[in-house]
Amino acid sequence: MIANLALYFAEHTLFAHTFNWVWGPFRARLPEPGTLSPIVLGIPLAALVMTFVLKWPMPRILGICAPLGMSTVLLP
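Predicted model only: the values in this text are computed from it and were never measured. (Residues numbered from 1 in each chain as written. Predicted model: local features only at pLDDT ≥ 70, side-chain atom pairs only at ≥ 80, totals over all residues. Heavy atoms only, no water.)

Engineer: Which parts of the structure should I look at to understand the packing of aromatic side chains?
Structural biologist: Two aromatic rings, taken as a pair, are described by how far apart their centres are and by the angle between their planes. A complete count under the given rule lists 2 aromatic pairs for this structure. Taking the centre distance of 5.7 Å and the plane angle of 70° together, the rings of Tyr8 and Phe9 count as edge-to-face. (Phe/Tyr/Trp six-rings, centres within 6.5 Å; stacked < 30°, edge-to-face > 60°.)

Given below as structure tokens:
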């Protein structure tokens, strides 16, 4: 359930548009690859580097990534 929620948020945060894919009884909501936001993708990649390479504490990482995430929404 946690992995499903993580995929849902990643899909709707990283991609601007999704579409329904249907093949017989199978259905899936897939992202449109052309709508990937490279700036938004950079924030979790930077967080991974800060966590596993630099071994920074989580409050510092959140203190850096939260304003970056807000700036992607507030700035045009």
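Engineer: Looking at this model, I keep getting lost on the side chain of Thr35. Mind explaining?
Structural biologist: Within the secondary structure, Thr35 is located in the loop between β2 (26-31) and α2 (38-53). A distance of 2.7 Å separates a polar side-chain atom of Thr35 from the backbone oxygen of Glu32. For Thr35, the contacting residues outside a window of four places in its chain are Leu14, Phe15, Ala16 and His17. (Helix = DSSP H or I, 4+ residues; strand = E, 2+ residues; numbered from the N terminus. Polar contact = N/O pair within 3.5 Å; in protein donor to acceptor, adjacent residues only side chain to side chain. Contact = heavy atoms within 4.5 Å.)

Engineer: Please explain the side chain of Glu11 as it appears in this structure.
Structural biologist: Its place among the elements puts Glu11 in helix α1 (residues 2-14). Of the side chains with opposite charge, Arg29 comes closest to the buried, unpaired Glu11, at an N-O distance of 5.2 Å. Among all residues touching Glu11, those that are not within four sequence positions of it are Thr18, Arg29, Leu30 and Pro31. (Buried < 20%, exposed > 50% of the residue type's maximum accessible area, 1.4 Å probe, protein only. Lys, Arg positive; Asp, Glu negative; His and termini not counted. Salt bridge = Lys/Arg side-chain N within 4 Å of Asp/Glu carboxyl O.)

Engineer: Looking at this structure, I do not really get α2. What am I missing?
Structural biologist: Side chains three or four residues apart in an α-helix point the same way, a direct result of the helix having 3.6 residues per turn. A rise of 1.5 Å per residue sets the reference length of α2, with its 16 residues, at 22 Å; its end C-alpha atoms lie 21 Å apart and thus fit the reference within 8%. Buried-residue contacts for α2 involve α1 and α3 (58-74). Lys55, located one to two residues past α2, shows a positive phi value of around 55°. (Expected span 1.5 Å × (residues − 1).)

Engineer: Which parts of the structure should I look at to understand the pairing of β2?
Structural biologist: Regular strands place their side chains on alternate faces of the sheet. As defined by bridge partners, strand β1 (residues 18-23) adjoins β2 across 6 bridges and the pair is classed as antiparallel. When the bridges of β2 are listed, Val22 appears paired with Arg27. The turn linking β1 back onto β2 is made up of 2 residues, and Gly24 within it adopts a positive phi angle of 65°. (Pairing = 2+ DSSP bridges.)

Engineer: Would you mind showing me how to read the nonpolar core here?
Structural biologist: Burial of nonpolar side chains together is a common tendency in soluble globular proteins. Formed by Ile43, Ala47, Met50, Ile61 and Cys65, the largest nonpolar core amounts to 5 residues. Of all elements in the fold, only α2 and α3 reach the threshold of two or more residues within this core. When residues of this core are assigned to their parent elements, the largest contribution, 3 residues, is made by α2. Not counting residues up to four positions away in its chain, the partners in contact with Met50 are Lys55, Trp56, Ile61, Ile64 and Cys65. (Core = buried A, V, L, I, M, F, W, Y, C linked by side-chain atoms within 4.5 Å.)

Engineer: Sorry if this is basic, but what is going on with a nonpolar patch on the surface here?
Structural biologist: A contiguous nonpolar patch, built from Leu45, Leu48, Val49, Phe52, Val53 and Leu54 and spanning about 590 Å² of accessible area, is present on the exposed surface. In this fold, Val49 is placed in helix α2. (Patch = residues over 30% accessible without salt bridge, like charges linked within 9 Å, V, L, I, M, F, W, Y side chains within 5 Å. Areas by Shrake-Rupley, 256 points an atom, 1.4 Å probe, with all protein chains shown as cover.)

Engineer: So what exactly am I meant to see when it comes to the environment of Leu54 here?
Structural biologist: For Leu54, the location among the structural elements is in the loop between α2 and α3. What makes Leu54 partly exposed here is its relative accessible area of 44%. The spacing of Leu54 and Phe9 is 45 residues in sequence and 26 Å in space, taken between C-alpha atoms.

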